[in-house]
Amino acid sequence: MDLFEYQGKQLFARAGLAVPSGEVADTPEQAKAAAEAIGGTVVVKAQVQVGGRGKAGGIKLAKTPDEAYAEAKNILGMDIKGHTVKRVWVEAASDIKKEYYASVTFDRSAKMPLVMLSAMGGMDIEGVAEEHPDALARLHVDPLIGFQQHDARWLIHHVGIDEPAQKGVFDALMKSYQAFIDLEATLIEINPLIWTEDDRVVALDAKVSIDNNALSRNPELAELQESVTDDPQERMAQERGVTYVKLDGDVGIMGNGAGLVMSSLDVVALAGGKPANFLDAGGGSNAEAVTTALEVLLSDPKVKSLMINIFGGITRCDQVAEGLLAALDKLGATLPIVVRLDGTAAPEGRAILAERAPDNVVIAPTMLAAATRAVELAKEAS
Ligand code: GDP
Ligand code: MN
């Protein structure tokens with residue numbers, strides 16, 4: 001689960017990291033009120049989960065509350081790389097002397113947390129890593145020993161953090177690592193971590209991702225999940241516990257097992273179509289799972305045809321067929337649905353559909369045939 005900057009900063013503040021004080025605003029009026037409450041020059045920042053907001057015009061300084069109103073009016077509703085801005089964060093402006101970079105993440109190949117620090121922050125860090133590899137210090141942390149004070153000092157000296165900022169950066173590193181552990185995060189990234197004109201070290205940006213599997217241990221964070229998902233289908237899928245990712249095509253896809261769904265996406269693309277989504281109904285899909293999955297898919301107006309790709313293992317195709325019939329009965333869907341059933345009890349499953357399914361259900365013998373037909377039907381429908 002990826003958090004918005006303002007949520008990350010609120011968690012940072014609780015973890016004792018220095019952040020500018022600020023408020024969220026959903027309207028220009030609220031932004032103006034926030035600017036009045038904060039006082040002085042403020043920064044109005046678009047809240048979208050994508051980097052490079054500054055360059056896209058989603059971050060503006062405002063010297064007066066009226067300017068904050070105008071900037072918020074301009075930024076709200078803006079499209080930044082496909083994300084619509086619905087909320088801004090208004091915070092006290094900072095006087096920046098220098099921008100650094102700090103992050104804690106997992107290095108899965110090393111099976112250890114990785115702490116990174118650079119004195120060249122602010123810009124895109126992948127670029128820094130490529131063009132100035134020496135400017136980015138990396139330190140793996142033995143999870144049993146934890147991140148030690150001497151680790152933080154090593155990083156600070158290695159990248160040459162300016163002397164007056166060293167204490168503040170040290171503090172930020174120690175607290176970031178502790179927050180990473182406490183929040184069960186998979187990423188904490190501060191870019192930029194700034195050294196201010198008055199010699200403070202402050203997190204000016206916050207990128208925090210929380211391990212979804214840890215949310216049950218942290219109900220407070222689980223509550224945030226609703227606010228970070230703004231797509232109706234994604235929210236519905238989340239509530240029902242199915243794995244769903246929205247894409248921008250028109251062929252709805254459902255399969256059982258992530259690998260099978262991924263290959264279905266490839267085969268639909270091969271057949272000249274565009275997948276509308278990735279939906280994994282789970283390895284042991286029963287009738288109920290099929291209904292749930294179909295409900296999510298059918299609620300998306302962009303879906304013009306469906307490809308259902310089931311490989312029976314533990315899942316029995318006859319049960320999937322029954323589930324599909326029950327779901328169609330309940331949901332009354334009329335759009336074309338192409339079904340490919342293979343594996344355990346596939347002949348029985350196909351027989352059930354051939355006999356009792358409504359006319360909009362087409363049975364396909366192979367995955368490629370199913371994809372080809374689903375793509376044709378989507379084209380006909382649009
Ligand atoms: P991103 O572009 O989405 O990564 O958004 P950031 O929050 O990192 O902001 C981008 C850049 O805007 C920063 O690197 C700063 O240079 C600038 N910026 C953001 N807030 C302030 C501020 O309070 N004062 C000043 N002077 N610049 C700011
Ligand atoms: Mn940034």
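Residues numbered from 1 in each chain as written. Chains lettered and ligands numbered in written order. Predicted model: local features only at pLDDT ≥ 70, side-chain atom pairs only at ≥ 80, totals over all residues. Heavy atoms only, no water.

## With respect to the site of ligand 1
With respect to spatial proximity, 15 residues lie near ligand 1, and among them Lys45, Arg53, Gly54, Ser94 and Glu99 are the closest. A distance of 3.4 Å separates an oxygen atom of ligand 1 from a polar atom in the backbone of Gly52. Alone, ligand 1 offers 570 Å² of accessible surface; in the complex the protein occludes 78% of this. Listing elements by their share of the shell around ligand 1, those giving two or more residues are strand E2 (42-46), strand E7 (96-107) and strand E10 (185-196). (Near = heavy atom within 4 Å. Polar contact = N/O pair within 3.5 Å; in protein donor to acceptor, adjacent residues only side chain to side chain. Areas by Shrake-Rupley, 256 points an atom, 1.4 Å probe, with all protein chains shown as cover. Helix = DSSP H or I, 4+ residues; strand = E, 2+ residues; numbered from the N terminus.)

## Some words on the packing of aromatic side chains
For the structure on display, the rule yields 5 aromatic pairs. By way of ring pairs, the aromatic residues Phe106, Phe147, Tyr177 and Phe180 are connected into one cluster. (Phe/Tyr/Trp six-rings, centres within 6.5 Å; stacked < 30°, edge-to-face > 60°.)

## Some remarks on the coordination of the manganese ion (ligand 2)
Each protein donor to the manganese ion (ligand 2) is listed here as Asn191 (O) and Asp205 (OD); together their distances run 2.2 Å. Placement of Asn191 in strand E10 and of Asp205 in the loop between strand E11 (201-203) and strand E12 (207-210) is noted, with a sequence separation of 14 residues between them. There is no split in this pair, since Asn191 and Asp205 are both buried. (Donors = N, O, S within 2.8 Å, 3.2 Å for Na, K, Ca; no water. Buried < 20%, exposed > 50% of the residue type's maximum accessible area, 1.4 Å probe, protein only.)

## Here's the deal with the sheet that holds strand E6 (residues 88-92)
Taken in spatial order, the 4 strands of this open sheet run E1-E6-E2-E3, and their pairing is antiparallel. Edge positions in the open sheet fall to strand E1 (22-25) and strand E3 (59-62), since each of these has one partner strand only. Put simply, the sheet's adjacent strands are angled 20° from each other on average, direction ignored. As defined by bridge partners, E2 adjoins E3 across 4 bridges and the pair is classed as antiparallel. Following the sheet pairing, Lys45 is matched in E3 by Ile59. Helix H1 (residues 5-14) contacts E1, E2 and E6 of the sheet and is inclined by roughly 45° relative to E6. (Pairing = 2+ DSSP bridges. Axes fitted to C-alpha atoms, helices over the stretch in contact; angles between N-to-C directions. Contact = heavy atoms within 4.5 Å.)

## As for the pattern of salt bridges
Applying the stated criterion across every chain, the model contains 21 salt bridges. With its nearest N and O atoms 2.8 Å apart, the salt bridge here joins Lys9 to Glu91. Of the two residues, Lys9 is situated in helix H1 and Glu91 in strand E6; the sequence distance between them amounts to 82 residues. Linking Arg316 and Asp318 is a salt bridge whose minimum nitrogen-to-oxygen distance equals 3.0 Å. (Salt bridge = Lys/Arg side-chain N within 4 Å of Asp/Glu carboxyl O.)

## Things to note about helix H2 (residues 28-38)
Within the sequence span of H2, burial applies to Pro28, Ala31, Ala34 and Ala35. Looking straight down H2, one finds its buried side chains confined to an arc of 115°; they lie on one side. Exposed and facing more than 90 degrees away from the buried side of H2 are Glu36 and Ala37. Its buried side turned inward, H2 meets E1, E2, helix H3 (65-75) and E6. (Arc of directions from axis to C-beta.)

## What to know about the domain arrangement of the protein
Domain annotation for the protein reports domain 1 (21-92), domain 2 (96-217) and domain 3 (232-381). Each of domain 2 and domain 3 was reduced to a C-alpha centroid, and the two centroids are 43 Å apart. (Domains from an automatic or database assignment.)

## Things to note about the nonpolar core
Within the largest apolar cluster, 45 residues are counted, with the highest numbers of intra-cluster contacts made by Leu117, Phe147, Ile161, Val169, Leu173 and Ile210. Sorting elements by how many residues they give to this core places helix H6 (residues 166-182) first, with 7 residues. Once residues within four sequence positions are removed from consideration, Val169 is found in contact with Tyr100, Leu117, Ile156, Ile161, Leu193 and Val201. Counting 34 residues, the second largest nonpolar core, distinct from the first, contains Leu279, Leu297, Ala321 and Leu325. (Core = buried A, V, L, I, M, F, W, Y, C linked by side-chain atoms within 4.5 Å.)

## Topic: a negative patch on the surface
A surface patch of like charges, here negative, comprises Asp124, Glu126, Glu130 and Glu131. Secondary-structure assignment places Asp124 in the loop between strand E8 (112-118) and helix H4 (125-131). (Patch = residues over 30% accessible without salt bridge, like charges linked within 9 Å, V, L, I, M, F, W, Y side chains within 5 Å. Lys, Arg positive; Asp, Glu negative; His and termini not counted. Charge placed at Lys NZ, Arg CZ, Asp CG, Glu CD.)

## A closer look at the environment of Gly323
Within the secondary structure layout, Gly323 lies in helix H11 (residues 317-331). Among the residues examined, Gly323 registers a relative accessible area of 0% and is labelled buried. Along the chain, Gly323 and Val290 lie 33 residues apart, while their C-alpha atoms are 5.9 Å from each other. Once residues lying within four places of it in the same chain are set aside, the contact partners of Gly323 are Ala287, Val290 and Thr291.

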